Amino acid sequence: RLNLLQRTCRRVAMTRKIEALNSSVKRIKQLHEDEIGSLSLLIIGLFVAALTALMIVTDISVVANAKRTLDQATEASAMRAVQNLDQSAYYTGKHTPITSAYLALGNSDYLDDRVPIDCNQGWREVTDELSTWMNSSSNMKTIQIESYEVTMYDCVYDVVHLETKARVRLPFPIPFAAMNQTTITSSITSL
């Protein structure tokens, strides 16, 4: 009898566990079939995706605007550099009696239209223009540009090649990459 009673108790306990499990499965199926709240999850997901896209587009547009600004400042600096005439090089050997006679004989292609640049004065003009640009608060400079550097100044007779780079602070730092700034470069050659 004791053995029979134990088996009966086990069957009852097992039946209750099975009923509880079936009840839980029914509740899970009912929750799964019930679509209440699924629209709010979709809206939240779309909002997060739209916000992420907005942050990425804003960062890209800030960097593009800073690049355009740096290009303009570099070009203005190079143009100021080429405006400095090296008078001693310009007047040496030009229009002497021999060259004037040579030109009078119909050799007009000999005339050199190139104008030499005073490279030292040009460098001073470049640094002056870039420091004025960096310290200005006008709309000619993007406020996200933190610093600049002239990486190359090459002056050969009548050509100035100028390369600059600048650090740009991003309005929305990139998560998981610890990236809150980027570097842009500009390269301009003036004749």
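Placed above this text is the structure.
Residues numbered from 1 in each chain as written. Predicted model: local features only at pLDDT ≥ 70, side-chain atom pairs only at ≥ 80, totals over all residues. Heavy atoms only, no water.

1. With respect to the overall build of the chain
- Check the secondary structure of the chain and you find five helices and three strands.
- Going residue by residue from the N terminus, the α and β elements of the chain occur as α-α-α-α-α-β-β-β.
- Looking at the chain as a whole, 20% of its 191 residues are labelled buried.
- Element-wise, carbon and sulfur atoms account for 60% of the exposed surface of the chain, whose accessible area totals about 13,900 Å². (Helix = DSSP H or I, 4+ residues; strand = E, 2+ residues; numbered from the N terminus. Buried < 20%, exposed > 50% of the residue type's maximum accessible area, 1.4 Å probe, protein only. Areas by Shrake-Rupley, 256 points an atom, 1.4 Å probe, with all protein chains shown as cover.)

2. Digging into the pattern of salt bridges
- Across all of its chains, the model carries seven salt bridges by this definition.
- Where lysine 67 meets aspartate 71, a salt bridge forms, and the shortest distance between an N and an O atom there is 3.1 Å. Within this pair, lysine 67 and its partner aspartate 71 are both found in helix 2 (residues 38-81), separated by four residues, close to a single helical turn.
- In this structure lysine 67 comes out as partly exposed when scored by relative accessible area, which is 31%.
- According to the relative accessible area criterion, aspartate 71 is partly exposed, its value standing at 24%.
- Among the ionic pairs, arginine 80 bridges to aspartate 128, the shortest N-O distance being 2.9 Å. With arginine 80 in helix 2 and aspartate 128 in helix 5 (residues 119-135), this pair connects stretches of sequence that are 48 residues apart.
- By relative accessible area, which is 23% here, arginine 80 ends up partly exposed.
- For aspartate 128, a relative accessible area of 37% translates into the label partly exposed. (Salt bridge = Lys/Arg side-chain N within 4 Å of Asp/Glu carboxyl O.)

3. As for the sheet that holds strand 2 (residues 159-174)
- Pairing is antiparallel in the open sheet, where three strands are placed in the order 1-2-3. Two strands bound the open sheet, and with one partner strand each, they are strand 1 (145-156) and strand 3 (179-190). Across this sheet, the average inter-strand angle for adjacent strands is 15 degrees, counted without regard to direction.
- Two elements, strand 1 and strand 2, share ten bridges in a ladder whose sense is antiparallel. (Pairing = 2+ DSSP bridges. Axes fitted to C-alpha atoms, helices over the stretch in contact; angles between N-to-C directions.)

4. So, the nonpolar core
- Counting residues in each nonpolar core, the largest one holds 19 residues, and the members touching the most others are Trp133, Ile145, Val168 and Ile184.
- Going through the elements one at a time, helix 2, helix 5, strand 1, strand 2 and strand 3 are the ones with two or more residues in this core.
- If you tally residues by element for this core, the top one is helix 2, at six residues. (Core = buried A, V, L, I, M, F, W, Y, C linked by side-chain atoms within 4.5 Å.)

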